[in-house]
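# Observations on chain architecture
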Amino acid sequence: MPGVMLAVIPMSNDVMAEIQHDYLFNLVLKGERADGRSFDEFREITIETNVIDTADGSALVTIGTTQVLVGVKVQPGEPFPDTPDVGVIITNAELIPMASPEFEAGPPREGAIEIARVVDRGIRESKSIDLKKLCVTEGEKVWIVFIDIHILDNDGNILDAASIGAIAALLTTTLPGARYDEGEDMPLPVRDIPVAITTVEFGGELLLDPSLDEGKIAGTSLTVITNSDGSISGMQKSGTDPLTTDQIIRIVDMAKTAAEEIRTKFLEV
Amino acid sequence: MSERPERFIIDGKRLDGRSFDELRPIKIELSPLDRADGSCYLEWGRNKVMAAVYGPRELHPRHRQNMTRAVVQFRYNMASFSVDDRIRPGHNRRSIEISKVSREAFEPVIFTKFFPKTAIDVFVEVLRADAGTRTAGINAASLALADAGIPMRSLVSACAVGKVDGEIVLDLMKEEDNYGEADVPVAMTVGEEITLLQMDGHLTPKEFYKALELAKSGCRQVYELQRQALVEKYNKDYSVDEDDARSDAGGDSDE
């Protein structure tokens, strides 16, 4: 079939975005979402832990068709000079080109860095991991916990999937004492279960768990990380549109409720 | 890293109980990813790999476009937690080489002339590694390309052979790969044209010919599994309901 050519040149993203925007905007005005959910409804979540046996802890999280794989590796290493008696957490996220036609290969850019830092913040600030217990020899050797987030399929809200995956993986993580001649294997000391929940503002309404299209057209998103006792350990507003105080209060409330549901359903120890 | 076993072959069986010409179990799942145009998840022994294909799509930057054919791009990448000691995320010299030879394994089978100025992107992510990840990646990529509807002359099937304890054996597992005497990854088409061949270690020419024949028999076995996976999926997705077909035909003859 010589001369066969596919129409592979997609309509310009700007044009698509405008059409999408109008369509979703009109839906929201009618109180609807494209996939039929109510505004405060999550897509179906699944969590599978211990999926990678070379990792010390791992979890595959799906939210709708979004898929995120988190692997945790624990290795001995040197502590930071200013905190010689506590362990180290290093969080890294990769938006690999497999996950979306919009992701490109190469070192992490601002999107990936933001995801890694927000997930890291929730775990660090909630003091979820008892870092004092990760000290082997003060000033010399501590456990370093690497949390690696691998986005496999991006249908929106990868931040929440990464956060849920990170804590689910940490809950199943073993400190590999035997492998490094540092005593016996033991479970990683996890004390709290921080969960990040993202809400987008769009047409004056607040939508929980934005799909890819909703996330793209929304002017702003607010991620709220809440802990088991309902306290907040991290927040991140992303996007250019402003939010009112009233909206922020409602978003915090929605995030707390959603996190509680996810925690009860999947993450209780 | 695990200790070197004293012997790799005991009573004619290998460490995991396989015979010399036996593959590790292979599990194939087609289209596990929603975003990609085609995708395949493949488990091979303890290997877990995901392959995704995007395209044909616009190629950037434009100076890389070819006016007469599509450009095939292949990116092999290992997850940092896929091996015992965490590896730094991102490309390294090993993954760049594997990406190159894997791409070349597919160039001869893809009808790139149909899609000038475009890119066909193949991404392979190794999620859990246990020797033979490049061949696992190629097998998964082959199915992901088919799943994406990319026209090809043939599937590509890949498999490694090696030498342990003086014996030529099919499909090395990790201990055999780490401490064995040779490793020969091979990829080929249905017509038994070899599209990838690498070798490291030590073999006599005679041993090499034997190894190549064994690799080909492995590739043939892999091909059967690949074919089965495609038939299973696309028979299910596109089978025509017989009654519908009959009533359609009947409608035509009435007019």
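Within each chain, residue numbers correspond to sequence positions counted from 1 in written order. Each chain gets a letter, beginning with A, and each ligand a number, beginning with 1, in the order they are written. Note on the predicted model: pLDDT of at least 70 is required for a residue's local features to be given, and 80 or more for side-chain atom pairs to be given and counted; whole-chain, interface and lining totals, by contrast, use all residues.

## Remarks on the overall build of chain A
Runs of E in the DSSP output that reach at least two residues are strands. Runs of H or I that reach at least four are helices, and both are numbered from the N terminus. Counting secondary structure elements, chain A contains 5 helices and 12 strands. We compute the radius of gyration from the C-alpha atoms alone; for a globule the expected value is 2.2 Å times N to the 0.38, where N is the number of residues. Its C-alpha atoms give chain A a radius of gyration of 20 Å, near enough to 18 Å, the size a compact globule of 269 residues would have. In terms of its C-alpha atoms, chain A occupies a principal-axis envelope of roughly 60 × 60 × 35 Å. Across the 269 residues that make up chain A, the buried fraction comes to 44%. Remark: residues whose backbone-derived C-beta atoms lie within 7 Å of one another are considered to be in contact. Expressed as a percentage of contacts within chain A between residues at least 6 apart in sequence, the contacts between residues at least 24 apart total 69%. In this scheme every C-beta is placed from the backbone, and a residue whose C-beta has 20 or more other C-beta atoms within 10 Å is buried, one with 12 or fewer is exposed, and one in between is partly exposed.

## Observations concerning the overall build of chain B
Tallying secondary structure elements over chain B gives 5 helices and 12 strands in all. C-alpha extents for chain B along the principal axes are approximately 80 × 50 × 35 Å. Across chain B, every contact between residues at least 6 apart in sequence was considered, and the portion connecting residues at least 24 apart equals 69%.

## Section: the pairing of strand β4 (residues 88–94) of chain A
Residue and element names in this part refer to chain A. For β4, the tally of buried residues reaches 5 of 7 residues, placing the bulk of the element in the interior. When β4 meets strand β6 (residues 141–153), the two strands line up parallel, connected through 7 bridges. Within the sheet, the bridge partner assigned to N92 lies in β6 and is D148. One bridge is not enough; two strands pair if DSSP finds at least two bridges between them.

## Observations concerning the sheet that holds strand β12 (residues 232–239) of chain A
All names here are of chain A. One open sheet holds the 4 strands; their spatial order is β10-β9-β11-β12, and the pairing between them is antiparallel. The open sheet has two edge strands with one neighbour each: β10 (205–208) and β12. Strand-to-strand twist across the sheet, computed as the mean angle between neighbouring axes with direction ignored, equals 25 degrees. Looking at chain direction, strand β9 (residues 195–202) and β10 are connected through 4 bridges and run antiparallel. Along β10, the bridge assignment pairs E201 with L206. Of the strands in this sheet, β9 and β11 (220–226) touch helix α3 (residues 158–171), which is tilted by about 170 degrees from β9. An axis is simply a line fitted to the C-alpha atoms; with a helix, the fit covers only the stretch in contact. Between two such axes, the angle follows the N-to-C directions and lies from 0 to 180 degrees.

## Let's talk about the sheet that holds strand β6 (residues 71–78) of chain B
Residues and elements named next belong to chain B. Spatial ordering of the open sheet is given by β3-β4-β5-β7-β6, a layout of 5 strands whose pairing is mixed. Here the strands that pair on one side only, and so sit at the sheet edges, are β3 (26–30) and β6. The mean angle between the axes of side-by-side strands here comes to 15 degrees, regardless of whether they run parallel or antiparallel. Inspection of the sheet shows strand β5 (residues 47–58) paired to strand β7 (residues 118–128) by 9 bridges, in the antiparallel sense. The residue bridging A52 from the neighbouring strand is F123, located in β7. Docked against the sheet, helix α2 (residues 133–147) engages β3, β4 (38–44), β5, β6 and β7, running at close to 150 degrees with respect to β4.

## Focus on the packing of helix α2 (residues 110–125) of chain A against α3 of chain A
Residue and element names in this part refer to chain A. Relative to each other, α2 and α3 sit at 40 degrees, their axes nearing to 10 Å. The orientation of α2 relative to α3 falls into the category oblique. Here α2 and α3 pass one another in a crossing that is right-handed. For the pair formed by α2 and α3, the contact residues are I115, V118, V119, G122 and I123 on the first element and I158, L159, A162, S163, A166 and I167 on the second. All residues other than Ala, Val, Leu, Ile, Met, Phe, Trp, Tyr, Cys, Pro, Asp, Glu, Lys and Arg, Gly among them, are scored as polar; the first ten of these are nonpolar and the last four charged. Residue classes in the contact of α2 with α3 are distributed as 9 nonpolar, 2 polar and no charged. Here the angle decides the label: under 35 degrees means roughly parallel, over 145 means roughly antiparallel, 65 to 115 means roughly perpendicular, and every other value means oblique. Working rule for handedness: look at the near helix, and if it is turned counterclockwise from the far one by less than a right angle, call the crossing left-handed; if clockwise, right-handed.

## Comments concerning the confidence of the model for chain B
When pLDDT is averaged across chain B, the result is 91; 92% of the residues are at 70 or more. Interface confidence for the predicted complex, given as ipTM, is 0.80, next to a pTM of 0.86. The score called pLDDT rates the predictor's confidence residue by residue, from a low of 0 to a high of 100.

## Considerations on the interface of chain A and chain B
Across the contact, 32 residues belong to chain A and 29 residues belong to chain B. Of all elements in the fold, only β3 (66–77), β4 and β6 of chain A reach the threshold of two or more residues within the side of chain A that touches chain B.

## Let's talk about unusual backbone geometry
All names here are of chain B. The step from G55 to P56 runs through a cis peptide bond, and the omega angle for that step is 0 degrees. Mapped onto the fold, P56 is located in strand β5. Here H60 and P61 are connected by a cis peptide whose omega angle stands at -5 degrees. In this structure, P61 sits in the loop between β5 and β6. The backbone of K117 sits at a positive phi, close to 70 degrees, despite the residue not being glycine. Inspection of the secondary structure puts K117 in the loop between α1 (93–106) and β7. Classification of K117 as partly exposed rests on a count of 19 C-beta atoms within 10 Å. Of note, the phi angle at D171 is positive, near 55 degrees, even though the residue is not glycine. Note on placement: D171 falls in the loop between β9 (167–170) and α3 (174–179).

## Re the nonpolar core
Defined on buried residues, the nonpolar core groups Ala, Val, Leu, Ile, Met, Phe, Trp, Tyr and Cys residues joined through C-beta atoms within 7 Å. Residues I149 and A162 of chain A together with A51 and A144 of chain B are the most contacted members of the largest nonpolar core, which totals 143 residues. When residues of this core are assigned to their parent elements, the largest contribution, 11 residues, is made by α3 of chain A. Residues contacting I149 of chain A, with those up to four places away along its chain left out, are V68, V70, N92, A93, E94, I115, A116, V119, A162, G165 and A166 of chain A.

## Section: the environment of Q228 of chain B
Structurally, Q228 of chain B can be placed in helix α4 (residues 205–238). With 41 residues separating them in the primary sequence, Q228 of chain B and A187 of chain B have C-alpha atoms 19 Å apart.

## Some thoughts on α2 of chain A
At 3.6 residues per turn, the α-helix brings residues three or four places apart onto the same side. Residue and element names in this part refer to chain A. For a helix, the expected span equals 1.5 Å multiplied by the number of residues minus one. Here α2 is 16 residues long and its end C-alpha atoms lie 21 Å apart, about the 22 Å a rise of 1.5 Å per residue gives. Of all the residues in α2, the buried ones are A112, I115, A116, V118, V119, D120, R121, G122 and I123. Buried residues along α2 sit against β4, β6, α3, β9, β11 and β12. Looking at the residues trailing α2, positive phi occurs at K127, about 55 degrees.

## So, the confidence of the model for chain A
Residues and elements named next belong to chain A. With 94% of its residues at a pLDDT of 70 or more, chain A shows a mean pLDDT of 91. The weakest mean pLDDT in chain A belongs to helix α1 (residues 13–29) at 82; the strongest belongs to strand β2 (residues 57–63) at 98. Below a pLDDT of 50 lies the segment residues 1–9, which in the model reaches 9 contacts outside its immediate sequence neighbourhood of four places, other chains included.

## A look at the pairing of strand β10 (residues 182–188) of chain B
All names here are of chain B. For β10, the tally of buried residues reaches 6 of 7 residues, placing the bulk of the element in the interior. Direction of pairing for strand β8 (residues 157–164) relative to β10: antiparallel, over a ladder of 7 bridges. Within β10, the position partnered with A160 by the bridge is P185. Both β10 and strand β11 (residues 194–197) contribute to a ladder of 3 bridges, which runs antiparallel. Looking at β11, one finds that A187 is bridged to L196.

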